[in-house]
Amino acid sequence: MAEHSDVVVIGGGYAGVMAANRLTQRGDVTVTLINPRPVFVHRVRLHQLVGGTDSAVVDYREVLAEGVRLVVDSVTRIDAAGRGVELASGGAVGYDYLVYAVGSGSADPRAPGAAEFAYPIAALEEVQRLVPVLDAAPASAAVTVVGAGPTGIDIAAELAEQGRGVTLVCGGVLGPYLHRRGRRSVAGRLAALGVTVVEGPDALVTAVTRDAVRLADGRELPSAVTVWTAGFGVPDLAARSGLSIDALGRLLTDETLTSVDDERIVAAGDSAAPSGLPLGARAADTVLSRLAGEQPETLNQSFGAQCISMGRGTGIFQFGNRSDVAMWFHIGGRLGAKMKETVCKGILKHLADEAHKPGGYSLHRMKGGAGRKKALEAMRAEAPVVVERVS
């Protein structure tokens, strides 16, 4: 082991910040976090930014350890052989270990007209583009939300609660992850808010125009503002850098979250395969184990639950089993909303706590069940990139 090690973390979202903070528990490690924005985006509140009930932005001083060097820039290429990253500004940063946590965003919509006339909301800048458009639209203007995953339900309910006339186009079923009981609960709340839900195999968007959304069955829905939440995409940084990726472009890793190409590169978050778990702490632990000359632990983490807001006073907390299958049990109504709010606040608290006391976070050590390995294998084997897939 070298006397001093440099670790670079690419991406300042949940996984990247958690990893960076946790790595500061070693005094012989210099941690550099590279992120294109100077502020932390609390992504689970972006729908509230649209609704005007939260800024969805947090100062890095509130969540990032003082010992972490923040570089506001974008990485254009990873030079794995030379152990360095090239920056958009023209500079470069060397590393001994790299944490790849570049996150995810909206997939390029293939429906004709969607790129020109629909508004994705996966990133802060996308939401900032949508907000003035909504503000300029009359309260009576028809709003269509495409995609009925958590983000689609969140934003549809948020806007409907403000009195907007909202149509939610599911591209299949409402809340694909939800148990049928949870789905009934969500459908009831949306109906109470006046949201029109369009479901079924023909509820796929085939075209978007300036003032309408066309469906596979020939229907045309009036839409003054179309919000696009369908689809999932990750930055192509790994691919551009010659690293192995899965069919969705995520960096391919083993069960210690280490790149299958290079043990000096560890990944976490949506841009890693496997993904979908709060793996920033686990990625940091893998790096720390290697720095200590130890074998990293393999991933064996439990899935937990999915929580969705349906306005400011109602929500649903859908429990899942250890193989990430929704269970019959869920908590809805006001208590569901309180639980969702607790989760949102808890995310920032975990990051801040880890910043002040690195190594204290332990939820990532919750064990998964027998179906966990199969779930990981299924993730890696996932092949098709489906435009209408709900986020």
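The paragraphs below set out a description of the structure included in this document. Only a predicted model underlies this, so the values are computations on that prediction, with no experimental measurement involved. (Residues numbered from 1 in each chain as written. Predicted model: local features only at pLDDT ≥ 70, side-chain atom pairs only at ≥ 80, totals over all residues. Heavy atoms only, no water.)

### Section: unusual backbone geometry
Leaving glycine aside, a negative phi is the common case for residues, and trans is the common case for peptide bonds. One non-glycine residue with positive phi stands out, namely Ala-56, at about 60 degrees. Look at Leu-257: it is not a glycine, yet its phi comes out positive at around 70 degrees. Looking at the secondary structure, you find Leu-257 in the loop between strand E18 (251–252) and strand E19 (265–267). (Helix = DSSP H or I, 4+ residues; strand = E, 2+ residues; numbered from the N terminus.)

### Here's the deal with the environment of Ala-268
With respect to the helices and strands, Ala-268 occurs in the loop between E19 and strand E20 (272–273). Sequence separation of Ala-268 and Lys-357 is 89 residues, and the distance between their C-alpha atoms is 21 Å. Dropping the residues within four chain positions of it, Ala-268 is found in contact with Ala-15, Tyr-100, Ala-101, Leu-279, Gly-280 and Ala-283. (Contact = heavy atoms within 4.5 Å.)

### Focus: the nonpolar core
Judged by nonpolar contacts, the single largest core of 36 residues is most densely connected at Leu-130, Val-166, Leu-168, Leu-174, Val-186 and Val-225. Only helix H2 (46–51), helix H4 (124–136), strand E11 (142–146), helix H5 (150–161), strand E12 (165–169), helix H6 (180–193) and strand E17 (225–228) provide two or more residues apiece to this core. Per element, the largest residue contribution to this core is six residues, and it comes from H5. Residue contacts for Val-225: discarding those within four places in its chain leaves Tyr-119, Leu-130, Val-133, Leu-134, Ala-137, Ala-142, Val-143 and Thr-144. (Core = buried A, V, L, I, M, F, W, Y, C linked by side-chain atoms within 4.5 Å. Buried < 20%, exposed > 50% of the residue type's maximum accessible area, 1.4 Å probe, protein only.)

### Comments concerning a nonpolar patch on the surface
Residues Met-327, Trp-328 and Phe-329 make up a contiguous nonpolar surface patch of about 300 Å² in total accessible area. Tracing the backbone shows Met-327 in strand E23 (residues 326–331). (Patch = residues over 30% accessible without salt bridge, like charges linked within 9 Å, V, L, I, M, F, W, Y side chains within 5 Å. Areas by Shrake-Rupley, 256 points an atom, 1.4 Å probe, with all protein chains shown as cover. Salt bridge = Lys/Arg side-chain N within 4 Å of Asp/Glu carboxyl O.)

### Observations concerning the packing of aromatic side chains
Under the criterion given, the structure shown has five aromatic pairs. Judged by centre distance (6.0 Å) and plane angle (75 degrees), the ring pair of Phe-40 and Tyr-60 falls under edge-to-face. Here Phe-40 is found in strand E3 (residues 39–41), whereas its partner Tyr-60 is found in the loop between strand E4 (57–59) and strand E5 (68–72), with 20 residues between them in sequence. Using a relative accessible area of 0% as the deciding quantity, one classes Phe-40 as buried. For the ring pair Phe-317 and Phe-319, a centre distance of 5.0 Å and an interplane angle of 65 degrees mean the geometry is edge-to-face. On the basis of relative accessibility, which here comes to 24%, the residue Phe-319 falls in the partly exposed class. Through a chain of ring-to-ring contacts, the aromatic side chains of Phe-317, Phe-319, Trp-328 and Phe-329 assemble into a single cluster. When the ring centre of Tyr-97 is taken as origin, the NZ or CZ atom of Arg-264, which lies over that ring, is 4.7 Å away. (Phe/Tyr/Trp six-rings, centres within 6.5 Å; stacked < 30°, edge-to-face > 60°. Lys NZ or Arg CZ within 6 Å of the ring centre and 35° of its normal.)

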